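# Results of the structural survey
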Amino acid sequence: MFLKPYRPKSSAALKGSDSKRFRQRVEAAFPHVSVDQLVPAKAAVTQVKILTHGGVQSVVYCVDKLPLFFELDGGQLVPTLYTLWIVPDILPYFTTHEGVLPKLTNGADLMLPGVVPLGVGLSMYGHFKKGQLMAVNLTNNKSAVGVGQLSRSSDDLYMCGGHGVAIKMLHLFGDKLWSHEPSLVQQIPLVKTKALSGEDFPALGSEAERRKAASPATPAPVSFASVAQTEELETETAAMTLESQEDPEFDEEAAEEVSPELILKNAFLSALKNNGKKLPLPLLTSNFYRLYVVTEATEQIDLKKTRYKKLSNFLAEMVDQGFIVVREESKGVDKITSVDLEHPEVVNFITDVKAGEANGAASETPLFHSELKEMYVVTDVTAAFFTKLNYKRGEGIPAGQIKKIVREYVSKHGLLHPLTKLVRPDDTLIELYGNREASLSEMCSLITSKMEHSYQMCSGKDTSGKPLIQMSLATRSGNKKVTLVSNIEAYGIILAEFIKLCKQGAAASTSVVKLPHQKHEQLQIQGNQVRFVHTLLTETYKVPPKCILGLELAKDGKKNKKK
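Residues numbered from 1 in each chain as written. Predicted model: local features only at pLDDT ≥ 70, side-chain atom pairs only at ≥ 80, totals over all residues. Heavy atoms only, no water.

The protein chain is annotated in an unreviewed UniProt entry as Eukaryotic translation initiation factor 2D of Drosophila mauritiana.

### A short note on the sheet that holds strand β6 (residues 93–96)
Keep this limit in mind: One bridge is not enough; two strands pair if DSSP finds at least two bridges between them. Here a helix means four or more residues in a row that DSSP labels H or I, a strand means two or more in a row labelled E, and each is numbered from the N terminus.
Across the sheet, which stays open at both edges, the five strands sit in the order β6-β8-β9-β10-β7 with mixed pairing between neighbours. Each of the sheet's edge strands pairs with one partner strand only, and the pair in question is β6 and β7 (110–111).

### Things to note about the packing of helix α10 (residues 260–275) against helix α11 (residues 285–296)
We count it as follows: Whenever a helix is involved, its axis is fitted only over the stretch in contact; in every case the axis is a line through C-alpha atoms, and angles between N-to-C directions fall within 0 to 180 degrees. Note that the term roughly parallel is reserved for angles under 35 degrees, roughly antiparallel for angles over 145, roughly perpendicular for angles of 65 to 115, and oblique for everything else. The contact criterion used is simple: two residues touch if any of their non-hydrogen atoms lie within 4.5 Å. Think of it as three bins: nonpolar holds Ala, Val, Leu, Ile, Met, Phe, Trp, Tyr, Cys and Pro, charged holds Asp, Glu, Lys and Arg, and polar takes everything else, Gly as well.
At a minimum axis distance of 7 Å, the contact between α10 and α11 shows a crossing angle of 105°. Here α10 lies roughly perpendicular to α11, going by the angle between them. Judged by residue contacts, L264, A267, F268, S270, A271, L272, N274 and N275 of α10 engage F288, Y289, Y292, V293 and E296 from α11. For the contact of α10 with α11, a count of residues per class yields nine nonpolar, three polar and one charged.

### Section: the pairing of β6
Spelled out, the test is: Only protein chains enter the accessibility calculation, which uses a 1.4 Å probe. A residue is then buried if its area is under 20% of the maximum for its type, exposed if over 50%, and partly exposed in between.
Residue alternation in β6 divides its side chains into two sets, Y93 and T95 and F94 and T96, and both sets are buried. One ladder, built from four bridges, connects β6 with strand β8 (residues 133–138); its direction is parallel. Among the inter-strand pairings, T96 is bridged to a residue of β8, identified as L138.

### Re the side chain of H534
Topologically, H534 is positioned in helix α20 (residues 530–540). With a relative accessible area of 14%, H534 lands in the buried category. Sequence-distant contacts of H534, defined by excluding residues within four places in its chain, comprise M471, P545, I548 and L551.

### Comments concerning the sheet that holds strand β12 (residues 324–330)
As summarised here, the arrangement of the three strands in space is β11-β13-β12, forming an open sheet in which the pairing is antiparallel. Each edge of the open sheet is held by one strand with a lone partner, namely β11 (283–284) and β12. The sheet contact formed by β12 and strand β13 (residues 333–339) spans six bridges and is antiparallel. Looking at the pairing, I324 lines up with V339 of β13.

### Concerning the packing of aromatic side chains
For the record, the criterion: Put simply, two rings from Phe, Tyr or Trp (the six-membered ring, in Trp's case) pair if the centres are within 6.5 Å, and we call them stacked under 30 degrees between planes, edge-to-face over 60, tilted for the rest.
Taken as a whole and judged by the stated rule, the model has 18 aromatic pairs. An aromatic cluster is built from F268, F288, Y292, Y308, F314 and F323, whose rings are joined through pairwise contacts.

### Quick notes on the confidence of the model for the protein chain
The cut-off we apply is this: Each residue carries a pLDDT score, the predictor's confidence in it, ranging from 0 to 100.
In the predicted model, the protein chain carries a mean pLDDT of 79, and 80% of its residues have values of at least 70. Across the protein chain, strand β5 (residues 77–79) holds the top mean pLDDT of 93, while helix α14 (residues 353–358) sits lowest at 40. Segment residues 195–210: pLDDT under 50, and 26 contacts once partners within four positions in sequence are set aside and those in other chains are kept. Under a pLDDT of 50 for its full length, residues 352–366 has, in the predicted model, 27 contacts with residues more than four places off or in other chains.

### Side note on the pattern of salt bridges
Counted only if it meets this: A pair is scored as a salt bridge if a Lys or Arg side-chain nitrogen falls within 4 Å of a carboxyl oxygen belonging to Asp or Glu.
Under the criterion given, the structure shown has eight salt bridges. Between K265 and E345 there is a salt bridge, with its nearest N and O atoms 3.4 Å apart. Pair noted here: K265 is in helix α10 and E345 is in helix α13 (residues 344–348), with a separation of 80 residues, a long-range link. Across the pair R393 and D380 runs a salt bridge, and its minimum N-O distance is 2.8 Å. Placement of the pair is R393 in the loop between α15 (383–387) and β15 (396–398) and D380 in the loop between β14 (371–377) and α15, with a sequence separation of 13 residues. By sharing partners, the salt bridges in this structure join R327, E329 and K335 into a single network.

### A short note on the packing of helix α16 (residues 399–413) against helix α18 (residues 440–448)
Between two packed helices, what matters for the description is the angle formed by their axes and the separation of those axes. Rule in force here: By convention, the crossing between two helices is left-handed when the near helix turns anticlockwise from the far helix through less than a right angle, and right-handed when the turn is clockwise.
Contact geometry for α16 and α18: axes closest at 10 Å, N-to-C directions at 115°. Relative to α18, α16 is oriented roughly perpendicular. Here α16 runs over α18; the crossing is right-handed. Contacts between α16 and α18 pair I402, K403, V406, R407 and V410 from the former with L440, S441, M443, C444, I447 and T448 from the latter. Residues belonging to the contact of α16 with α18 are distributed by class as follows: seven nonpolar, two polar and two charged.

### A word on α20
If you check which residues of α20 are buried, you get V530, V533, H534, L536, L537 and T538. Positive backbone phi, at 55°, marks K542, one or two positions downstream of α20.

### Quick word on the pairing of strand β17 (residues 469–476)
Of the strand pairs in this sheet, β17 and strand β21 (residues 548–549) are connected by two bridges, and their pairing is parallel. Residue I469 lies in a different strand from β21, and its bridge partner there is I548. Bridge analysis of β17 against strand β18 (residues 480–486) gives seven bridges, and the strand direction is antiparallel. Bridging across to β18, T475 finds its partner in K481.

### Brief notes about the nonpolar core
Short version of the rule: The criterion is simple. A nonpolar core is a set of buried Ala, Val, Leu, Ile, Met, Phe, Trp, Tyr and Cys residues joined through side-chain atoms within 4.5 Å.
Counting residues in each nonpolar core, the largest one holds 65 residues, and the members touching the most others are F22, F69, L84, F94 and I167. Those residues in contact with L84 that sit more than four places away from it in its chain are I90, L91, Y93, A135, A144 and V147. Ranked by size, the runner-up nonpolar core spans 26 residues in total, among them F268, V293, L303 and I324.

### Concerning unusual backbone geometry
A cis amide bond links L281 to the next residue, P282, at an omega of -10°. Relative to the helices and strands, P282 resides in the loop between α10 and β11. Positive phi, close to 55°, is recorded for K542, a residue that is not glycine. Positionally, K542 belongs in the loop between α20 and β21.

### Some thoughts on the environment of L122
Note that L122 resides in the loop between β7 and β8. Placed 33 residues apart in sequence, L122 and D155 show a C-alpha to C-alpha distance of 6.0 Å. The contact partners of L122, leaving out residues within four places of it in the chain, are H127, D155 and Y158.

### As for a nonpolar patch on the surface
The condition is simple: Exposure above 30% relative accessible area and no salt bridge define the residues that can form patches, which grow by joining like charges within 9 Å and nonpolar side chains of Val, Leu, Ile, Met, Phe, Trp and Tyr within 5 Å. The protein chains shown are the only cover counted for residues, whose accessible areas, like all others here, come from Shrake-Rupley with a 1.4 Å probe.
The grouping of L122, Y158 and M159 at the surface amounts to a nonpolar patch, some 320 Å² of accessible area in total. Note on placement: Y158 falls in helix α5 (residues 154–159).

### Here's the deal with the side chain of T83
Looking at the element boundaries, T83 is found in helix α3 (residues 81–86). In this structure T83 touches L38, L68, F69 and I90, once residues within four positions along its chain are discounted.

Structure (structure tokens):
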């Protein structure tokens, strides 16, 4: 629901009576939870009305700027991940395996093969009703990573035989609602769980698993590290999309949401809304469809799959509804002669990003590219090793950097045998994995096996190993100065959004220049805008000042202005 950017329509602080009414709604929806824990009496509650990328209107309730609830159709309150991290027992849980999380963040629903059963028989998936709100956590962490609705009742899930959709995901770790307030974003809290043996936790889909009895209460996540289990999990999660195609109920609901007729009609209305005043009338109907309607469609349009079958049939219906006037110029040649931009459906139709930018509304384009990174957390066992390399206990290290850190430690202490190319352990390594020689790869595996596995959502702010942002001045024709900025894309900054902010903030023409033999592009801004660019990078994008070169050039700009 929030994987793609949404557009805020309005934001208003709730007054005393409205805030009290909201507290009563929370108490009625979740009577087993203390309201003061989530919405203190004197807290600032804000109501933000939004339009999702799919065209669904919703309301987000923020308490002290932190999004804690959002509404579904019908006004049902749904807690966000931040709420679940504050009060974990506000919703019941389904547990899945850590390898499923990247699939969920790519837009997949939680399928039955990825759910850890709660028991056997009819108790395998608890005792829940269809549409009930459920939280999702991982086998290695009790903290919630997503919220959704049950696609079927628990009994129906059992009758599905381990196939089909279990939970239709609404909100996930790393989506746009999670990053609603960039200054308050949090990573998943690490709540450790007791590890079970392979006998206690058999492989997915095995007969032993189906016969295994467990408590029907809220699931207790477990550690899952078997290589064979991981391979089987990857096979099952890769088949998630195929499972949804085998589920008739899922297909029917998806077809209602994105029917070909609806896609075509929305593209038509969007074309009139965004380009109605620019249409070069009279306009050939074929050109109108090819140049304006197709480009506005959210998905590829196939007229043969609609009930119209032909473009002429669709346009004839639009003529009947009063959107356009079509005149037949000659046999088989039709032209649109006029459009009604005051038609109620056109006036009330809300378009996507283009309309928001045209009306001066907040852009849906995010400031940063978000990325889910695999991390390993320094534990008590490995702390002695990593503290020598300036890493603290509890600090997360990207999986790709572990081998680099190990290689640096081995080189620094001269532990690599010149002939065998094996690492001779020192006292620290002996305490960590015993007195044995191992290759660098084996050493990395031994160390990571004693660390906590986790995930972290990164927003393009990791500056390690990246080129510095270079600002410089140049002179163009007419002795006009321009500011040149390089390497900003290396910091995860979206160039189109940065250009828009430069045009609005500096009121200066901004363009992109391709550099020969380089991957990144160079930004060219009219005038000496060094100080403005530096402020924008450090305050809005939170780029460390040490990563930016060229600020001293701003002084020359100020002196020239004084003269």
